[in-house]
Amino acid sequence: MSTNQIPYKIYLEESEMPRAWYNVRADMTNKPAPLLNPQTLKPVTEEALSHIFCRELARQELNDSDPYIPIPQPVWDFYRMYRPSPLVRAYCLEDRLGTPAHIYYKFEGNNTSGSHKLNSAIAQAYYAKEQGLRGVTTETGAGQWGTALSMACAYLELDCQVYMVKVSYEQKPFRREVMRTYGAKVTPSPSDTTQVGREILARFPGTGGSLGCAISEAVEAAGRQEGYRYVLGSVLNQVLLHQSVIGLETKAALDKYNITPDIIIGCAGGGSNLGGLISPFIGQKLRGELDCQIIAVEPASCPSLTRGSYVYDYCDTGRVCPLMKMYTLGSGFIPSANHAGGLRYHGMSSVVSQLYHDGLLEARSVEQTAVFQAATEFARVEGILPAPESSHAIRVAIDEALRCKETGQEKTIVFGLTGTGYFDMYAYQRFNDGHMTDAIPTDAEIAASLAQTPRVPE
Ligand SMILES: *Cc1c(COP(=O)(O)O)cnc(C)c1O
């Protein structure tokens, strides 16, 4: 074991936890493109958004000007139950790899939901409660967001209705039971409880569902019930804002020991953990205070940044949500059933998309067998069983550390370890049995899906 002065875990004191979220949009030179009303193609107003989201969240969604937004005291008090999360120096992984690189990871899996999603769930539930609403509806894919929201709603005594992608509902019965234990009502999607669900079932009988489809059902369900709003666990500006707590804590921990990152790595599904982790560092880059490489990692089977187009697209299959300009594979894109590693959304946060477009971060796609290889290597030396999603970041962190070994460079690598993988054992089983394969969409498949994006004049 190394005798370096940096402790194995850098913890912040409670008093050092951030009191405000950081809104990177305020400091961006090129702001993300506005959300558009799908009928009029005009930017959506706060008033219009307030019919879908809680009022304060609609405001946050459109706020491009305030760099800091105070964390309400009740949300901060909830954060105190499981934050600050540790920034861990991966000494054991460094030793095993024989790399001169210094590797750190910010671990967000230390709560029952097993991921960073609780950071935004509690904020969204709080604003719903504060507005006097009765409940919220949402979708969940792998189940982490549904679990996080169930926990937050249970704490604040709000009703919680979750549309869970049917394949996950069937493959992850224990995820479902965790949500029900926290009082949520869980419906497999597509379902016959909504108009859009019935239409999709009629068109594709026997479908296992998709995130885009579950979003449409949840939005419709919220609209139909008095005192309900829809909430979403990724992609949106407001979610990125709440997740900035990850980056703020990471920066505070690094600053404590005068550590400057050379490479920051995060996995990217809808872009919320990555966006939250990098926000304060992007702010520094924009102000010319930091020169560091930032890498978004996505699955080769759902490569929105590396192979998608930067255009306006539908956010959901039922096309009920506002249009968003983002890197997208087309709202009809569904990754191969073979793909086990999460990060399946067809598009990407408009903030992350714009930053990528402006060259402030780079993107890499990785194949799932290589991801599970890295996950296993990490688990065996660092102890934590990582979520497949998080393991995309581990893969690239290991690749970069091995490159440092070749070149003899002592770089500082920081990556986001977003969660734990206890509910992903079917995927691990397939990997352990040697049955996992890589499914990469063809150019023709992506082009066909992209042909369905809406035509929006520049
Ligand atoms: C949801 C999730 C992700 C991906 O979502 P982002 O919005 O891209 O952060 C990554 N890791 C874990 C553990 C998740 O639950």
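We now turn to the structure provided with this report. What you are looking at is a predicted structure, and each value in this text was computed from that prediction instead of being measured.

A word on the overall build of the protein
A tally of helices and strands in the protein yields 18 helices and 15 strands. Relative to the globule expectation of 23 Å for 458 residues, the C-alpha radius of gyration of the protein, 21 Å, shows essentially globular dimensions. Considering only C-alpha atoms, the protein reaches an extent of 60 × 50 × 50 Å along its principal axes. Classification of the 458 residues of the protein by burial places 62% in the buried group.

Focus: the site of the ligand
In the neighbourhood of the ligand, 18 residues make up the surrounding shell, with Lys 117, Ser 234, Ser 272, Asn 273 and Thr 418 lying closest. His 116 places a polar side-chain atom, nitrogen or oxygen, 3.2 Å from an oxygen atom of the ligand. Residue Asn 273 places a side-chain N or O atom 2.7 Å away from an oxygen atom belonging to the ligand. Relative to its unbound accessible surface of 380 Å², the ligand loses 94% to contact with the protein. A molecule is said to occupy a pocket when more than half its atoms come within 2 Å of that pocket's grid points, and by this definition the ligand occupies the largest cavity. Among the secondary structure elements, those contributing two or more residues to the shell around the ligand are α12 (272-286) and α16 (388-407).

Looking at the side chain of Arg 229
For Arg 229, the position within the fold is in strand β9 (residues 228-230). Reaching out from Arg 229, the side chain makes a polar contact with the backbone oxygen of Ser 50 at a distance of 2.9 Å. Not counting chain neighbours up to four residues away, the residues in contact with Arg 229 comprise Ser 50, His 51, Ile 52, Phe 53, Cys 54, Gln 131, Leu 133, Gly 135, Val 136, Thr 137 and Ala 222.

Re the layout of surface pockets
Empty space within the largest pocket amounts to approximately 840 Å³. Around the largest pocket sit 38 residues that line it, and Val 165, Val 167, Gly 209, Ile 334 and Arg 344 are the ones nearest its centre. Within the residue set of the lining of the largest pocket, elements represented by two or more residues are α7 (166-171), α9 (195-203), α10 (211-224) and α17 (425-432). The space that makes up the second largest pocket amounts to roughly 250 Å³.

So, the environment of Ile 398
Along the polypeptide, Ile 398 turns up in helix α16. What makes Ile 398 buried here is its relative accessible area of 1%. Residues Ile 398 and Pro 261, 137 residues apart in the sequence, show an inter-C-alpha distance of 16 Å.

Section: the sheet that holds strand β5 (residues 102-107)
Spatial ordering of the open sheet is given by β1-β4-β5-β15-β10-β11-β14, a layout of seven strands whose pairing is mixed. Each edge of the open sheet is held by one strand with a lone partner, namely β1 (9-10) and β14 (362-366). Pairing geometry for strand β10 (residues 263-267) and strand β11 (residues 293-299), over five bridges, is parallel. Bridge pairing in β11 places Ile 264 opposite Ile 294.

Concerning the nonpolar core
Within the largest apolar cluster, 100 residues are counted, with the highest numbers of intra-cluster contacts made by Trp 21, Val 75, Tyr 79, Leu 149, Tyr 230 and Ile 264. Apart from residues lying up to four places away in sequence, Val 75 is in contact with Trp 21, Ile 122, Ala 123 and Tyr 126.

Considering the sheet that holds β9
Sheet architecture is open: four strands sit in the order β8-β7-β6-β9, paired in parallel fashion. Every interior strand has two partners, whereas the edge strands, β8 (185-189) and β9, have only one. With direction set aside, neighbouring strand axes in the sheet form an average angle of 25°. As paired strands, strand β7 (residues 159-165) and β8 are joined by five bridges and run parallel to one another. Across the sheet, the residue bridging to Val 165 is Ser 189, located in β8.

Thoughts on the packing of aromatic side chains
Two aromatic rings are characterised by how far apart their centres lie and by the angle between their planes. Counted by the stated rule, this structure contains 13 aromatic pairs. Centre to centre, the rings of Tyr 105 and Phe 378 are 5.1 Å apart; their planes meet at 70°, and the pair counts as edge-to-face. You can see Tyr 105 sitting in strand β5 and its partner Phe 378 sitting in helix α15 (residues 368-382), a full 273 residues away along the chain. Each member of the pair Tyr 105 and Phe 378 is classed as buried. Centre to centre, the rings of Tyr 327 and Tyr 356 are 5.0 Å apart; their planes meet at 70°, and the pair counts as edge-to-face. Note that Tyr 327 is positioned in strand β13 (residues 324-328) and Tyr 356 in helix α14 (residues 350-357), a separation of 29 residues in sequence. You can call Tyr 327 buried: its relative accessible area is 10%. Across from the ring centre of Tyr 169, 4.4 Å away, lies the NZ or CZ of Arg 176, which sits over that ring.

So, how was this worked out
Residues numbered from 1 in each chain as written. Predicted model: local features only at pLDDT ≥ 70, side-chain atom pairs only at ≥ 80, totals over all residues. Heavy atoms only, no water. Helix = DSSP H or I, 4+ residues; strand = E, 2+ residues; numbered from the N terminus. Rg over C-alpha atoms; globule rule 2.2 N^0.38 Å. Buried < 20%, exposed > 50% of the residue type's maximum accessible area, 1.4 Å probe, protein only. Near = heavy atom within 4 Å. Polar contact = N/O pair within 3.5 Å; in protein donor to acceptor, adjacent residues only side chain to side chain. Areas by Shrake-Rupley, 256 points an atom, 1.4 Å probe, with all protein chains shown as cover. 1 Å grid on protein atoms, 1.4 Å probe; cavity = no way out; pocket = protein on both sides within 12 Å on 5 of 7 lines; lining within 4 Å. Sits in = over half its atoms within 2 Å of the grid points. Contact = heavy atoms within 4.5 Å. Points joined across faces, edges and corners; volume = space filled by probe spheres on them. Pairing = 2+ DSSP bridges. Core = buried A, V, L, I, M, F, W, Y, C linked by side-chain atoms within 4.5 Å. Axes fitted to C-alpha atoms, helices over the stretch in contact; angles between N-to-C directions. Phe/Tyr/Trp six-rings, centres within 6.5 Å; stacked < 30°, edge-to-face > 60°. Lys NZ or Arg CZ within 6 Å of the ring centre and 35° of its normal.

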